[in-house]
Amino acid sequence: MTTLDRRRFVECSALLAVAAYVGRAGAQDTPRSSFGRDATAEQVTEGIDLTGKTIVVTGCNSGIGLETMRVLALRGAHVIGTARTPERGQEACAGVEGKATPVVLELADFDSVVACADAIRALDVAVDGIVCNAGVLLMQLEQVRGMETQFVVNHLGHFILVNRLLDRVTAAPQGRVVVVGSTAHRQPPPGGIQFDNLSGKGWERQAYGHSKLANGLFSFELAKRLAGTRATSNSLHPGVVATNIMRNLNFTPPAGGANRGGGGGFAFESPAQGAATSCYLASNPSLAGVSGLYFEDCNPVDPDAAMAARLWQVSAELTRAYLG
């Protein structure tokens, strides 16, 4: 197959996948919410009782993850919050109203991911939700296991965690996997997922978009694999929120994480706004049968992702020793 023919094949495959995905979205008759960009996590969960539910939130110690944990615990859920160190997790969980249990998770270390999943399994409870929130944003090439770091942390680490807990999610009355992606998925390297070159070399500037595309594809393929169960999987864009994820940028976040109209006219959402769609997807009863969609501002939008099945296969091959 020539380079041109291969490119046309990938483009046509992407169009077919998107067409099927959009058709699935329409067939579900997804309920639309009245919430918009300015809605906060507390507002979108008002009146929802999560008592008796257990929800895992990765990256609970700051930013969107901390606010997601705080609000879900406020609504009665037992939140298992993960952080990279015991100290950060304990401090974050101790600061919220409600029940929150810290667990250590270093997504770049697959042994740590396995240990985290084992610690959660040891609690011997059904997992009503997993909010895959933690992530990293880099401006230069870094590698883990010979692969680009953002792909490893933002995608593969969560791939292992979710798969090792998936039986607990499907055992719940209506388990949910919520994957925090980004509109950055629209700026991946040419051709999408770089299956033949996961090192990051040659596409460093699109590496974050590459990892966010992987997030969306993972969620979509997971939804297909959950068909016939009571569990669902959806992904989302939280908005542009100035949080600790920007620590590697030459940028000083505004106080409180928000800059509505400041910074040269660019408007950031606050963590309270950034956590809204995550909390909405994790808790709203109207979404019990909604799966395989991508949300912005608490409402579904048309996806533009493909190659999900192949990404799952490759991810499984890369992490097989850690999937259990």
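If you're wondering where the values come from, they're calculated on a predicted model, not measured in any experiment.

**Here's the deal with the overall build of the chain**
- Looking only at helices and strands, the chain features 10 helices and 10 strands.
- Within the chain, the fraction of its 324 residues that count as buried is 54%.
- Contacts in the chain between residues far apart in sequence, at least 24 positions, make up 74% of those at least 6 positions apart.

**Considering the pattern of salt bridges**
- Enumeration according to the criterion identifies nine salt bridges in this entry.
- Across the pair Arg 84 and Glu 106 runs a salt bridge, and its minimum N-O distance is 2.8 Å. Taken together, the residues span a long stretch of sequence, with Arg 84 in the loop between strand E2 (78–83) and helix H4 (86–94) and Glu 106 in the loop between strand E3 (100–104) and helix H5 (110–121) at a distance of 22 residues.
- Taking the shortest distance from any N to any O, the salt bridge between Lys 224 and Glu 221 comes out at 3.5 Å. Residue Lys 224 and its partner Glu 221 are both found in helix H7 (residues 207–225); the two are separated by three residues, about one turn of the helix.
- Judged by its relative accessible area of 43%, Lys 224 is partly exposed.

**So, empty space enclosed by the protein**
- Counted according to the given criterion, the structure contains two cavities of 30 Å³ or more.
- Estimated volume of the second largest cavity: approximately 60 Å³.
- In this structure, the second largest cavity is lined by Gly 36, Arg 37, Ala 39, His 237, Pro 238, Gly 239, Glu 269, Gln 273, Ala 276, Thr 277 and Asp 297.
- The residue makeup of the lining of the second largest cavity, split by class, is three nonpolar, five polar and three charged.

**Focus on the packing of aromatic side chains**
- Scanning the entire structure with this criterion turns up five aromatic pairs.
- With centroids separated by 6.1 Å and ring planes inclined at 75 degrees, the aromatic side chains of Phe 35 and Tyr 280 adopt a geometry described as edge-to-face. Here the residue Phe 35 occupies a position in the loop between helix H1 (3–27) and helix H2 (41–44), and Tyr 280 occupies one in helix H9 (residues 276–283), the gap between them amounting to 245 residues.
- The class of Phe 35 is partly exposed, set by a relative accessible area of 25%.
- By relative accessible area, Tyr 280 is classed as buried at 2%.
- An angle of 25 degrees between the planes, with centres 5.7 Å apart, marks the rings of Phe 218 and Trp 312 as stacked. Of this pair, Phe 218 sits in helix H7 while Trp 312 sits in helix H10 (residues 308–323), and the two are 94 residues apart along the sequence.

**Thoughts on the sheet that holds E3**
- Within the open sheet, the eight strands sit side by side as E3-E2-E1-E4-E7-E8-E9-E10. Their pairing is mixed. The open sheet terminates on both sides in strands that have one partner only, identified here as E3 and strand E10 (299–301). Across this sheet, the average inter-strand angle for adjacent strands is 25 degrees, counted without regard to direction.
- Against the sheet, H9 engages strand E1 (54–58), strand E4 (129–132), strand E7 (176–180), strand E8 (232–237) and strand E9 (294–296), with an angle of about 165 degrees to E7.

**Structural notes on the pairing of E1**
- Most of E1 sits out of view: five of its five residues are buried.
- Along E1, one buried face is formed by Thr 54, Val 56 and Thr 58 and the opposite face, lined by Ile 55 and Val 57, is buried too.
- Bridging between E1 and E2 involves five bridges; their strand directions are parallel. Opposite Val 56, over in E2, you have Ile 80 as the bridge partner.
- Since E1 and E2 lie parallel, the crossover through helix H3 (residues 63–74) that links them has a hand, and here it is right-handed.
- With three bridges joining them, E1 and E4 adopt parallel strand pairing. Each bridged residue has a counterpart across the sheet, and for Ile 55 the counterpart in E4 is Gly 129.

**Points about the nonpolar core**
- Within the largest apolar cluster, 50 residues are counted, with the highest numbers of intra-cluster contacts made by Ile 130, Val 162 and Leu 222.
- Among the secondary structure elements, those contributing two or more residues to this core are H5, E4, helix H6 (149–171), E7, H7 and H10.
- The greatest single-element share of this core, amounting to 11 residues, is contributed by H6.
- The residues contacting Ile 130, other than those within four sequence positions of it, are Val 56, Val 162, Leu 165, Val 169, Arg 176, Val 177 and Val 178.
- The next biggest cluster of nonpolar side chains, apart from the first, holds 34 residues, and it includes Leu 50, Ala 73, Val 180 and Ala 276.

**As for the packing of H5 against H6**
- Contact geometry of H5 with H6 gives a least axis separation of 10 Å together with a crossing angle of 30 degrees. The orientation of H5 with respect to H6, classified from their angle, is roughly parallel. Of the two elements, H5 crosses H6, and the hand of that crossing is right-handed. Facing H5, whose interface residues are Phe 110, Val 113, Val 114, Cys 116, Ala 117, Asp 118, Ile 120 and Arg 121, H6 presents Val 152, Leu 156, Gly 157, Ile 160, Leu 161, Arg 164, Leu 165, Asp 167 and Arg 168.
- A breakdown of the residues in the contact of H5 with H6 according to their chemical character gives 11 nonpolar, one polar and five charged.

Rules behind the numbers
- Residues numbered from 1 in each chain as written.
- Predicted model: local features only at pLDDT ≥ 70, side-chain atom pairs only at ≥ 80, totals over all residues.
- Heavy atoms only, no water.
- Helix = DSSP H or I, 4+ residues; strand = E, 2+ residues; numbered from the N terminus.
- Buried < 20%, exposed > 50% of the residue type's maximum accessible area, 1.4 Å probe, protein only.
- Contact = heavy atoms within 4.5 Å.
- Salt bridge = Lys/Arg side-chain N within 4 Å of Asp/Glu carboxyl O.
- 1 Å grid on protein atoms, 1.4 Å probe; cavity = no way out; pocket = protein on both sides within 12 Å on 5 of 7 lines; lining within 4 Å.
- Points joined across faces, edges and corners; volume = space filled by probe spheres on them.
- Nonpolar A, V, L, I, M, F, W, Y, C, P; charged D, E, K, R; others polar.
- Phe/Tyr/Trp six-rings, centres within 6.5 Å; stacked < 30°, edge-to-face > 60°.
- Pairing = 2+ DSSP bridges.
- Axes fitted to C-alpha atoms, helices over the stretch in contact; angles between N-to-C directions.
- Right-handed = clockwise from strand over helix to strand, strands pointing away.
- Core = buried A, V, L, I, M, F, W, Y, C linked by side-chain atoms within 4.5 Å.
- Parallel < 35°, antiparallel > 145°, perpendicular 65-115°, else oblique.
- Left-handed = near helix turned anticlockwise from the far one by under 90°.

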